[in-house]
Every structure is written in structure tokens, then in C-alpha cells.
Amino acid sequence: MWVTKCIKLYNKLSPLNGLTKRTLSSSNKTTVLGIETSCDDTGCAVVNSEATILGEFLHSQNEIHVKYGGVNPINAWELHRDNIELAVNTALDDARIGINDIDAIAVTTKPGLLLSLMIGVKYTNFLAKKYQKPIIPVHHMEAHALVVRIYYNIPFPYLALLISGGHCFLTVVNDVNDFLLIGQTLDNAPGEVMDKAARRMKLKNMPEYSLTSGGKVIELAAKNAKNPSLFEFPIPLQRNRDCDFSFSGLKDSLVRKVIKKESEHGLMGDEIIPEVYDLCASFQTSITKHLAHRLERAIKFCEVKNLLNKNAKNIVVSGGVASNDYIFTNLKSVVNHLGYNLYRPPHKVCTDNGIMIAWNGIEKTRKGIKTCQFISQSDVDPTAPLGVNIIDQVKEANISVKSPRFSDVN
């Protein structure tokens with residue numbers, strides 16, 4: 001079994017090998033295999049230096065984790081272990097090439113679930129050793145920020161809002177490996193909060209939503225709202241003149257509203273409040289307003305500090321939550337009003353995938369960033385920061401921003 005081979009090979013190799021690096025030539029056409037196992041999806045893709053996606057495969061664990069009420073690290077590890085070989089082989093077959101035609105293997109090494117990350121890393125080490133291929137370590141969130149450049153000609157620098165189930169960042173992307181962190185979540189990520197909110201509203205008990213993730217369920221349910229402004233939510237951190245985020249208070253507010261309505265209607269067990277569609281719409285709007293409020297301040301801070309390209313006023317939103325069309329549409333309205341363009345990758349590339357990892361490998365190859373021959377466990381970082389933190393400078397700028405107003409249409 002391949003996993004046994006990986007473990008034996010991993011144990012034989014010295015961690016010092018991880019320090020042996022060389023530069024992959026960027027003069028010719030380059031083809032990279034990307035492997036993504038940071039959380040709960042096994043993603044692989046083959047991308048070349050002409051920004052062509054040659055092949056891809058994604059094994060989603062969504063149905064399993066929805067069934068058990070959230071991502072279980074052990075379950076995720078087992079599913080990655082059982083599917084990584086299939087994912088790689090299918091992506092290569094889809095590209096109609098063999099592993100020997102690959103110039104390098106890019107793999108997520110940070111951040112994410114440690115057990116999940118290690119499956120991708122160990123299998124990459126195995127392939128690299130067997131086929132003598134260089135390895136390109138990839139920061140998961142940097143990959144999210146850069147993947148949009150496959151689809152649009154977006155020059156550096158630009159501002160990126162990265163919103164997912166595990167993270168929420170505002171960052172200035174100066175270059176492939178040059179990021180300035182200007183905002184981050186102080187507690188839960190937006191996707192995580194939406195998943196927990198969906199579970200508390202018991203949306204999976206509705207047959208049409210039983211196999212859909214929480215964030216997507218809330219977006220779908222909100223479209224059925226008759227009175228989307230029925231529930232009021234406070235906008236978090238309105239008095240804090242920074243670009244940080246906080247979503248846990250919104251989740252707590254929603255729970256209190258659900259409990260109150262359940263009591264009013266005398267509901268018990270699996271019964272769902274009749275106002276659930278309106279609650280989903282109001283909750284989704286509150287999250288969007290919070291994101292827009294911080295994004296607008298980030299834009300104004302970047303203007304004050306002259307951090308963005310005045311001739312290419314572009315903003316990027318990426319990560320799983322960016323696939324929410326209501327959120328994206330309203331953020332786009334705010335950004336356009338300020339004179340900027342808002343871009344996101346295609347829906348399937350907003351969520352975790354192998355394409356963004358392979359593309360990050362291509363970007364690093366173009367930049368001449370050195371590769372390695374082996375990744376040791378010490379090189380895997382589940383809680384890796386993103387870029388250089390300049391959040392204190394945002395606070396010092398003390399920029400005032402009004403709360404945004406949105407349409408009730410979800």
C-alpha cells in the first residue's frame with residue numbers, strides 16, 4: 001500500500017534533506033502538479049506556465065462531514081489517505097500526461113489541519129523521491145490570493161480579501177511571496193460561523209439541504225426569504241478603527257434568536273422555526289456588512305499609505321465564502337463605488353483545490369524561488385501566519401468608515 005511506502009521512505013530520509021534546494025529553470029515551458037490536502041478536500045491539478053489547466057480532480061469529503069456535523073480531523077485524515085493516490089492519478093490522466101512529464105510538484109505545507117497536511121506532504125515526498133522531481137512548498141492562503149491571476153491579468157500590487165471556513169484575512173499582495181497583513185479575524189472565520197449557524201437552525205433536517213454545507217445552505221435558504229430584514233444583527237467592531245474581523249458575536253446573536261423563536265412557537269427536537277428563511281437572509285446580510293465595512297477601511301488605508309497600483313485599481317476576493325454570490329455582489333457594489341474593480345476566481349476555484357496549489361508553483365517558478373527535494377515534518381506549520389503584520393499601522397491611521405447599506409434582495 002502506498003501509505004506504508006510513504007511512511008518507510010519518510011522515516012529513512014534525513015530532515016537535513018529538506019534544506020537541499022535548487023532553482024527550477026523558468027526559461028522554458030513548465031508543468032507543475034499541485035497537491036492540496038490542508039483540510040477536508042483532496043485536490044490535485046496539473047497546470048503549465050501558459051496558465052493552462054491541463055487536468056484536475058477534487059475528491060470532496062463534504063457529504064461525510066455534513067453527516068457528522070462538521071470536519072473531524074481523524075475522518076479527514078483517513079479520507080485523504082484513501083483518496084490521494086486516486087486524485088493524483090486522475091488529474092494526470094485528465095491531463096493526458098505521466099508523472100515523468102511533470103517538472104515539479106507543489107504541495108500545501110501550511111496552514112491547515114496537521115494530519116491532513118501530512119498526507120499530502122508524505123505522498124509528495126514519495127513521488128519526488130521515486131521520480132526525482134523537485135518540490136515547491138505552498139502557503140495555502142497565499143495560493144488563494146494568487147489563483148485569480150490564472151483567469152485575469154491582475155498586476156501586483158493588489159488588495160485581497162480571503163474568506164473561508166478556516167480563515168479571514170485582508171492582505172496587500174505585493175508579489176508572489178510578498179504579503180502585508182492588514183486585517184484578520186479575532187475569533188471564528190466566516191465560513192465556520194455560517195456552518196455552525198446552519199447546524200443550530202437545523203437546516204440539514206430539510207431534505208433539499210441535507211447534503212449541502214452550512215454556508216451554501218444559508219445562501220440558498222436566504223433566497224426564499226419573504227422579509228429578509230425581519231431580524232436585526234449588530235455589526236461587529238464598528239467602533240474599532242482597524243480592519244480586523246469578529247464573527248462569533250453574530251453566531252451568538254443568531255442562537256439567541258433561534259431559542260427565542262423556538263420558545264414562542266413551542267418547538268422541540270428537530271422542528272424548525274417558520275421564520276428560518278428570513279433569519280438566514282438577515283444573518284447573511286450582517287456578515288456581508290461586516291466584511292464590506294472592513295474592506296472599505298482597508299482600501300482607504302492602502303490609499304493613505306500608497307500601497308496599491310493607481311493604474312490598476314483591483315481588489316480580489318477568494319476562499320470558499322467568496323463563492324457566495326450575495327456576498328460577492330454586495331462587496332462588488334461597495335468596491336465599485338470607491339472606484340475599484342472586484343475579481344474572484346470561478347466558484348469551484350474559490351474553495352480548496354489543486355489548481356491554486358499548482359498555479360502557486362508556477363508563480364514561484366517564474367519568480368525563481370528555490371525548490372527542495374524533501375519536506376520534513378518541522379516544515380509543516382498548521383498555524384502559519386500570512387505575510388508581514390502591519391495591523392498596528394492600520395489602527396494608528398484611525399480611518400473612519402460608515403456602515404454600508406445593502407438591498408434586501410438576497
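Let me begin by describing the structure that accompanies this report. What you are looking at is a predicted structure, and each value in this text was computed from that prediction instead of being measured. (Residues numbered from 1 in each chain as written. Predicted model: local features only at pLDDT ≥ 70, side-chain atom pairs only at ≥ 80, totals over all residues. Heavy atoms only, no water.)

### Description of helix α8 (residues 248–265)
Logical step 1: Its 18 residues place the ends of α8 26 Å apart at the C-alpha level, agreeing with the 26 Å of an ideal helix rising 1.5 Å per residue.
Logical step 2: Among the residues of α8, those classed as buried are S248, L250, K251, S253, L254, K257, V258, K261 and E262.
Logical step 3: The secondary structure elements touched by the buried residues of α8 are α6 (190–200) and α9 (276–304).
Logical step 4: G266, located one to two residues past α8, shows a positive phi value of around 65°. (Helix = DSSP H or I, 4+ residues; strand = E, 2+ residues; numbered from the N terminus. Expected span 1.5 Å × (residues − 1). Buried < 20%, exposed > 50% of the residue type's maximum accessible area, 1.4 Å probe, protein only. Contact = heavy atoms within 4.5 Å.)

### Digging into the packing of aromatic side chains
Aromatic rings considered in pairs are described by the distance between their centres and by the relative angle of their planes.
Logical step 1: Under the definition given, this model contains five aromatic pairs.
Logical step 2: Ring centres of F245 and F247 lie 6.0 Å apart, and the angle between their planes is 10°; on these two criteria the pair is classed as stacked. Across this residue pair, the class does not change: F245 and F247 are buried.
Logical step 3: Cation over ring: K257 sits above F233, and NZ or CZ is 4.5 Å from the ring centre. (Phe/Tyr/Trp six-rings, centres within 6.5 Å; stacked < 30°, edge-to-face > 60°. Lys NZ or Arg CZ within 6 Å of the ring centre and 35° of its normal.)

### Examining the packing of α9 against helix α10 (residues 325–337)
Logical step 1: Axis separation between α9 and α10 bottoms out at 10 Å; the angle between their running directions is 35°. Helix-helix and strand crossings are classified by hand; for α9 and α10 the assignment is right-handed. Together, Q284, T285, I287, T288, L291, A292, L295, E296 and I299 of α9 and Y326, I327, N330, L331, V334 and V335 of α10 make up the contact between the two elements. (Axes fitted to C-alpha atoms, helices over the stretch in contact; angles between N-to-C directions. Left-handed = near helix turned anticlockwise from the far one by under 90°.)

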